[in-house]
Amino acid sequence: MTLVQLNLPDTLPPAPPGVARFIVEAQSRIDSFIESRLPWFAKRFLLVHAAEIGPCRSEAVHRLNGPATFGHVLCVYPYRQELNEAGFWPPLGLEFIAAVVQRHAGSLDVVDLRMEPGRTRDFLRPETDLICFSVNWDRDREFLEEEIRSVPAGILTILGGRHATECPERWLTEFANVDAVVRGDGEEAMDEICRGLPMEQIPGLSFRRDGVVHHNPNRSLGQTQNDLYPDRRLRRGAYVVKIKGVSTALKVDSIATSRGCPFQCTFCSFNRNPLGEKRRWTARSAESVVDELGQMDAKLVGFTDDLFTHDMDRVERICDLIVARGIRKQYIVNARLEIARRPDVLRKMERAGFLMLLLGIESAQDKTLRSMRKGFDVARIREYCNVLRNSRMILHGYFILGCIGESVEDMLAIGPFARELGLDTIGLSCLRHSPYSGLDDLVAGSPGYHISGSGKVYSDHCSSEDMRRVRRQIHREFYTAAGIARIARKGLQVGAASLLPGIVPYLPKIAVRWMMYTWHKSRNRAKKRRAGHPAMAHNAGEKPVG
Ligand code: B12
Ligand code: SF4
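Throughout what follows, the structure given in this document is the object of discussion.

This part takes up the overall build of the protein. Of the regular secondary structure elements, the protein holds 19 helices and 18 strands. Across the 546 residues that make up the protein, the buried fraction comes to 37%. Restricting to contacts in the protein with at least 6 residues of sequence separation, those with at least 24 account for 77%.

Right, dumping it as structure tokens:
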């Protein structure tokens, strides 16, 4: 660290060699004195006032003029809970930010309040001078806002994440202690903040100065960085699978190896950031992905990639490296059906431990696939699935209920279609409005369709209760005893047995919770029905937004 630099003005003639050596020697002594002897607040004082101390040049100028280093940085995931069913994944976005800031911090803690009994204040130290909050969801709102407000004045407070990105103005006007909001991907902006770039020169940053909120232009989405990934040693506990609220001993982790998607499906916002910008598909090298996998101790890894399989040559290389390095884990990835064109890579994926492919199929109707710009039709789906069904990987098909123009009969065709395709599991979600996806226009041009306040698309001809019935019927038809036995067989073939010891001992507890949950749910539903609750009526009380 060079805080005070002994430099001679550029106009002076070069110093004789003896004098130059003396200056270098003196500089290094000052550096090591500052580094090792001065307390954090003195270093901080020097950093803040360095520009006034004297003229300087060279690379250190840049450091001298801005807060190049932080005493202690606190990165907080400010939620107590996410989804009951799946809220156990690590806060990967925040961990990426921590990986950047760590380079500029004396010490750094990543605190996930889902895992800790304490609150943000409990983790502050006297030397804490930067707090980063990951504001991803509009959930647990009261708690989230309390945490953010709890930061004492004088500590640089920066928010980032998808939800913060959607409304930076609000965070900066209503929360007096919030200094800046990073919009969109945060790595580059945080690096620039840490390197002391003036706020107004940092694209994608919203900040307050003299009571006025400024929004810099958006940052263009850059290339995924190869050598940057979370430092898992910063975690204060292991992330484990939770089923029905019961923590098992099965460790999980997630990895982000690419961002974006080149396709343009109408209903999807995966391929856009919260600002509506289309994400070009960019990926990390196979080597860096496998280096990161090698550092994880979890047995089950979920890939957060929008489309992991876009470049099948890269997938092949990742598989080869996993096998060559003897890494033994199970992976779950988002994929498109086109991967059927590379059966050679499918075999390699099985050998490398890929357990489950999450495939967006969406509908059993050509008219819907066309209007959704899915890029394939029913005939193609059959053709691809004829190849994929021979794979040992578990095939999970995503379908959407309530697609524009689909009757109840059209939706009910999903069950038989999914079985015919040889899928092992299915996920049924309702059509949801997502900003910038193009769905709004489609709904606006389709009489009888509306978007509810909660973002659900619904129609005059299919109520929420109808939709629930459709969902139940599809599940009943799809999940048979033979199908469940096939999933178990495939799981064993692909090596999932290694995951069982983490779960089996917890099965009795999970079974009890599950029974209690089902009992509570049906009791509540019956109560509501008896009371004539609007949620049980036509369209479940959904109100159009416009
Ligand atoms: C894993 C995941 C989950 C996990 C969450 C795990 C976790 N703890 O984060 C689970 C399964 C719980 C989940 C649930 C849901 N999810 Co989800 N999920 C994802 C997924 C696949 C990956 C997220 C991720 O880790 N990305 C990788 C990291 C690196 O990116 P990131 O989180 O965006 O972080 C970057 C920036 O946001 C920013 N950033 C983040 N924090 C901070 C902090 C600071 C200080 C700074 C400066 C920057 C910064 O920088 C980071 C690095 O670039 C995304 C899709 C995707 N590919 O992103 C959907 C996604 C985030 N989910 C989505 C949705 C809709 C949901 C659900 C509502 C689904 C549902 N109907 O139930 C629920 C809501 C859960 C809840 N809390 O209420 C949407 C969000 C849309 C939106 N506009 O908000 C996404 C984008 C998918 C989609 N398009 O539909 N999800
Ligand atoms: S649905 Fe899948 S393929 Fe289509 S745009 Fe979204 S991520 Fe890409």
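Moving on, we get to the packing of helix H10 (residues 312-324) against helix H11 (residues 343-352). Interhelical geometry of H10 versus H11 gives an angle of 35 degrees and a closest axis separation of 9 Å. In the crossing of H10 with H11, the sense of the turn from one axis to the other is left-handed. Listed contacts from H11 to Met 312, Val 315, Glu 316, Cys 319, Asp 320, Ile 322 and Val 323 of H10 are Val 345, Lys 348, Met 349, Arg 351 and Ala 352. Class assignment for the residues of the contact of H10 with H11 results in 8 nonpolar, no polar and 4 charged.

Counting 76 residues, the largest nonpolar core has Met 349 and Met 393 as the members making the most contacts within it. Looking at this core element by element, the count peaks at 6 residues for strand E14 (residues 354-362). Once residues lying within four places of it in the same chain are set aside, the contact partners of Met 393 are Met 349, Glu 350, Phe 354, Leu 355, Met 356, Leu 357 and Val 494. Membership of the second largest hydrophobic core comes to 44 residues, among which are Val 73, Phe 133, Trp 171 and Ile 202.

This brings us to the sheet that holds strand E7 (residues 212-215). With mixed pairing, the 7 strands of this open sheet are ordered in space as E2-E1-E3-E4-E5-E6-E7. Here the strands that pair on one side only, and so sit at the sheet edges, are strand E2 (105-112) and E7. Neighbour-to-neighbour, the strand axes of the sheet open up by a mean angle of 20 degrees, direction not taken into account.

A few words now on the site of ligand 1. Neighbouring ligand 1 are 34 residues; Gly 93, Ser 134, Gly 160, Asp 185 and Gly 186 lie closest to it. Within the residue set of the shell around ligand 1, elements represented by two or more residues are helix H4 (92-101), strand E3 (128-134), strand E4 (156-160) and helix H8 (187-194). The dominant element in the shell around ligand 1, judged by the number of residues it contributes, is H4, at 5 residues. Of the residues that make up the shell around ligand 1, three or more belong to each of domain 2 (60-215) and domain 3 (238-512).

What follows concerns unusual backbone geometry. At Lys 244, a position not held by glycine, the phi torsion is positive, near 50 degrees. According to the C-beta neighbour criterion, Lys 244 is partly exposed, with 17 such atoms within 10 Å. Of note, the phi angle at Arg 373 is positive, near 50 degrees, even though the residue is not glycine. The residue Arg 373 is located in the loop between helix H12 (366-371) and helix H13 (378-388) in this model. Judged by C-beta crowding, with 13 C-beta atoms within 10 Å, Arg 373 ranks as partly exposed.

The mixed open sheet is built from 7 strands, whose spatial order is E8-E9-E12-E13-E14-E15-E16. Two strands in the sheet have a free side with no partner beyond their single neighbour: strand E8 (240-243) and strand E16 (425-430). With direction set aside, neighbouring strand axes in the sheet form an average angle of 30 degrees. Sheet analysis places strand E13 (residues 330-335) next to E14, joined by 5 bridges and oriented parallel. Within E14, the position partnered with Ile 332 by the bridge is Met 356. Set on the sheet, helix H17 (residues 464-478) makes contact with strand E15 (394-401) and E16; between it and E16 the angle comes to about 175 degrees.

Think of two packed helices as two axes; the pair is described by the angle between the axes and how far apart they sit. Relative orientation of the contacting elements helix H9 (residues 286-294) and H10 amounts to 40 degrees, with a least axis distance of 9 Å. Here H9 lies oblique to H10, going by the angle between them. As for how H9 packs across H10, the hand of that crossing is right-handed. Of H10, the residues touching H9 (which contributes Ala 286, Glu 287, Val 289, Val 290 and Leu 293) are Arg 314, Arg 317, Ile 318, Leu 321 and Ile 322. For the contact of H9 with H10, a count of residues per class yields 7 nonpolar, no polar and 3 charged.

With that settled, the discussion passes to the environment of Val 135. When you line up the elements, Val 135 lands in the loop between E3 and helix H5 (141-149). For Val 135, a count of 26 C-beta atoms within 10 Å puts it in the buried group. Separated by 24 residues in sequence, Val 135 and Leu 159 have C-alpha atoms that sit 6.6 Å apart. Leaving out residues up to four positions away in the same chain, Val 135 has contacts with Leu 144, Leu 159, Gly 161, His 163 and Ala 164.

Basis of the calculations
Residues numbered from 1 in each chain as written. Chains lettered and ligands numbered in written order. Predicted model: local features only at pLDDT ≥ 70, side-chain atom pairs only at ≥ 80, totals over all residues. Helix = DSSP H or I, 4+ residues; strand = E, 2+ residues; numbered from the N terminus. Buried ≥ 20, exposed ≤ 12 C-beta atoms within 10 Å, placed from the backbone. Contact = placed C-beta atoms within 7 Å. Axes fitted to C-alpha atoms, helices over the stretch in contact; angles between N-to-C directions. Left-handed = near helix turned anticlockwise from the far one by under 90°. Nonpolar A, V, L, I, M, F, W, Y, C, P; charged D, E, K, R; others polar. Core = buried A, V, L, I, M, F, W, Y, C linked by C-beta atoms within 7 Å. Pairing = 2+ DSSP bridges. Near = placed C-beta within 6 Å. Domains from an automatic or database assignment. Parallel < 35°, antiparallel > 145°, perpendicular 65-115°, else oblique.

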